[in-house]
Amino acid sequence: MTDQRLITQFLEAQAAELNAAQNTLLAYARDLDDARAFFTDHGADFLSVTRDGIETYLADLEVRRLSRATRARRLSALKQMCRFLFEEGLRNDNPSLKIKGPAREQSLPKTLSHKAVDQLLAQAEIHGRSADDRLRNHCMMQILYATGMRVSELVTLPVAAVRGDPKLILIKGKGGKERMLPLTQSARLALQSWLARRDALEDLATREGGTKPSRYLFHSRSKEGHMTRVRFYTLIKEIARDAGVPPQSVTPHRMRHAFATHLLAGGADLRSIQALLGHADIATTEIYTHILDERLKALVLEHHPLADQTSASTEN
């Protein structure tokens, strides 16, 4: 059986048994294909590679100067593949069992200040070539910051989920897991304005062109039927530029980080933030406490009356 076929079987198993998200499957496919190419060049495959062969591959990743996070992720995918082959009886051993990868770098996620978010939200309300675009852009940014949802969850949000001026919306996240997210008053107002205009546009298109109504809140002419992640990424950069916020510091995911850090700074507990973000493990959410710690430390060093003396004594 070819390595390509084995990768396909592995991905099918991940989708069926673990309900893995599409983006996760694509990442597995890329990582495993890289390993497959390396093993092929060295006269091996997934069914014959040894522990030494895997360690040689890891060394090659380091020679290629890939980040620790990338190397750790590729080893994780390879370990899962080896376990799958062993459990399916396609191999008599698991060569990756005792291999330890590089420790992941503990890098703190970058976030945005309250002022920067306020500038982005204000600009989104007036950004766009038409009144329709401006209503949509304002709505998207308000919902993104109000809920902290992932960009993939935002662009694929079903219109049915927001009917009836809801205070809470049900969304489907990674692995098909559902969670409830509250909407702020400003997000609800922006949503109702866009929804009314969106429905009017849909009715007009149906009457004049016979097109079927879209199931998405942020519908578009893309093949997916909704605004794409790439287009929204470009859009948020445009909004940042016009708002006077450095575009390189703004991404949809940083808005998610801002949502979490601002909640934590406001007194929200970690368990609540974990539920809102849809994190399976609270350890993932705990990273935001480190961001807050760093901010508080910087605040003390900058504004405490004895900060200069403290710094000087530390240096001595």
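Criteria and cut-off values
- Residues numbered from 1 in each chain as written.
- Predicted model: local features only at pLDDT ≥ 70, side-chain atom pairs only at ≥ 80, totals over all residues.
- Heavy atoms only, no water.
- Helix = DSSP H or I, 4+ residues; strand = E, 2+ residues; numbered from the N terminus.
- Buried < 20%, exposed > 50% of the residue type's maximum accessible area, 1.4 Å probe, protein only.
- Contact = heavy atoms within 4.5 Å.
- Areas by Shrake-Rupley, 256 points an atom, 1.4 Å probe, with all protein chains shown as cover.
- Polar contact = N/O pair within 3.5 Å; in protein donor to acceptor, adjacent residues only side chain to side chain.
- pLDDT = per-residue confidence, 0-100.
- Axes fitted to C-alpha atoms, helices over the stretch in contact; angles between N-to-C directions.
- Parallel < 35°, antiparallel > 145°, perpendicular 65-115°, else oblique.
- Left-handed = near helix turned anticlockwise from the far one by under 90°.
- Nonpolar A, V, L, I, M, F, W, Y, C, P; charged D, E, K, R; others polar.
- Phe/Tyr/Trp six-rings, centres within 6.5 Å; stacked < 30°, edge-to-face > 60°.
- Expected span 1.5 Å × (residues − 1).
- Arc of directions from axis to C-beta.
- Core = buried A, V, L, I, M, F, W, Y, C linked by side-chain atoms within 4.5 Å.
- Pairing = 2+ DSSP bridges.
- Salt bridge = Lys/Arg side-chain N within 4 Å of Asp/Glu carboxyl O.

Points about the overall build of the chain
Logical step 1: Secondary structure summary: the chain contains 14 helices and two strands in total.
Logical step 2: In the chain, which comprises 316 residues, the proportion classed as buried is 41%.
Logical step 3: A sequence separation of at least 24 residues applies to 59% of the contacts in the chain between residues at least 6 apart.
Logical step 4: Total accessible area on the chain is roughly 17,800 Å²; 52% of this is exposed by carbon and sulfur atoms.

A short note on the side chain of Asn137
Logical step 1: Looking at the element boundaries, Asn137 is found in helix H6 (residues 131-147).
Logical step 2: Within polar-contact distance, the side chain of Asn137 engages the backbone oxygen of His127 at 2.8 Å.
Logical step 3: Apart from the residues within four sequence positions on either side, Asn137 is in contact with Ala124, His127, Gly128 and Leu235.

Considerations on the confidence of the model for the chain
Logical step 1: Per-residue confidence for the chain averages 89 on the pLDDT scale, and 90% of its residues sit at or above 70.
Logical step 2: When mean pLDDT is taken per element in the chain, H6 scores highest with 98 and helix H14 (residues 307-315) scores lowest with 47.

Observations concerning the packing of helix H5 (residues 114-124) against helix H10 (residues 252-265)
Logical step 1: As a packed pair, H5 and H10 sit with axes 11 Å apart at the nearest point and diverge in direction by 130 degrees. Relative to H10, the element H5 is oriented oblique. Crossing of H5 against H10: the hand is left-handed. Of H10, the residues touching H5 (which contributes His114, Val117 and Leu120) are Met255, Ala258 and His262.
Logical step 2: Of the residues belonging to the contact of H5 with H10, the class tally is four nonpolar, two polar and no charged.

Considerations on the side chain of Arg91
Logical step 1: Note on placement: Arg91 falls in the loop between helix H4 (68-87) and H5.
Logical step 2: A distance of 2.8 Å separates a polar atom in the side chain of Arg91 from the backbone oxygen of Phe46.
Logical step 3: Separated by 3.0 Å, the side chain of Arg91 and the backbone oxygen of Val49 make a polar contact.
Logical step 4: Setting aside residues up to four positions removed in sequence, Arg91 forms contacts with Phe46, Leu47, Ser48, Val49, Leu85 and Phe86.

Thoughts on the packing of aromatic side chains
Logical step 1: Applying the stated rule across the entire model yields six aromatic pairs.
Logical step 2: With a centroid separation of 5.3 Å and 50 degrees between ring planes, the pair formed by Phe38 and Tyr57 is classed as tilted. You can see Phe38 sitting in helix H2 (residues 22-41) and its partner Tyr57 sitting in helix H3 (residues 51-63), a full 19 residues away along the chain.
Logical step 3: Taking the relative accessible area as the measure of exposure, Phe38 reaches 9% and is therefore buried.

Focus on helix H1 (residues 3-17)
Logical step 1: Here H1 is 15 residues long and its end C-alpha atoms lie 21 Å apart, about the 21 Å a rise of 1.5 Å per residue gives.
Logical step 2: Listing the buried residues of H1 in full gives Asp3, Leu6, Ile7, Phe10, Leu11, Ala13 and Gln14. Seen along its axis, H1 keeps its buried residues to an arc of 155 degrees; they face one direction.
Logical step 3: Against the buried residues of H1 lie H2 and H4.
Logical step 4: Of the residues trailing H1, Asn19 is marked for its positive phi of about 55 degrees.

Notes on the environment of Gly175
Logical step 1: Residue placement: Gly175 occurs in the loop between strand E1 (168-172) and strand E2 (178-182).
Logical step 2: Sequence separation between Gly175 and Ala20 is 155 residues, and the spatial gap between their C-alpha atoms is 5.1 Å.
Logical step 3: For Gly175, the residues in contact, after removing those within four places along its chain, are Asn19 and Ala21.

Details of the nonpolar core
Logical step 1: By size, the foremost hydrophobic cluster in this structure holds 51 residues, and its most contacted members are Leu120, Met141, Ile143, Leu217 and Phe232.
Logical step 2: Ignoring sequence-local partners within four residues, the contact set of Ile143 consists of Gly148, Met149, Leu154, Leu183, Ala187, Leu191, Leu217 and Phe218.

As for the pairing of E2
Logical step 1: Burial along E2 is one-sided: the residues Arg179 and Leu181 are buried and none of Glu178, Met180 and Pro182 is.
Logical step 2: Judged from the five bridges that link them, E1 and E2 form a sheet pairing that is antiparallel. The residue bridging Ile171 from the neighbouring strand is Arg179, located in E2.

Let's talk about helix H11 (residues 270-277)
Logical step 1: All of the buried residues along H11 are Leu270, Ile273, Gln274, Leu276 and Leu277. For H11, the buried positions fall inside an angular range of 165 degrees around the axis, keeping them on one side.
Logical step 2: By the N-cap criterion, in which a side-chain oxygen at the helix start approaches the backbone nitrogen of a residue two or three places on, H11 is capped by Asp269, the distance to Arg271 being 3.2 Å.

Description of the pattern of salt bridges
Logical step 1: Taken as a whole and judged by the stated rule, the model has 19 salt bridges.
Logical step 2: Among the salt bridges present, the one from Asp34 reaches Arg74, with a minimum N-O distance of 3.1 Å. Here Asp34 is found in helix H2, whereas its partner Arg74 is found in helix H4, with 40 residues between them in sequence.
Logical step 3: Between Arg163 and Asp199 there is a salt bridge, and its shortest N-O distance comes to 2.6 Å. With a gap of 36 residues between them, Arg163 in the loop between helix H7 (151-155) and E1 and Asp199 in helix H8 (residues 185-209) connect regions that are remote in the sequence.

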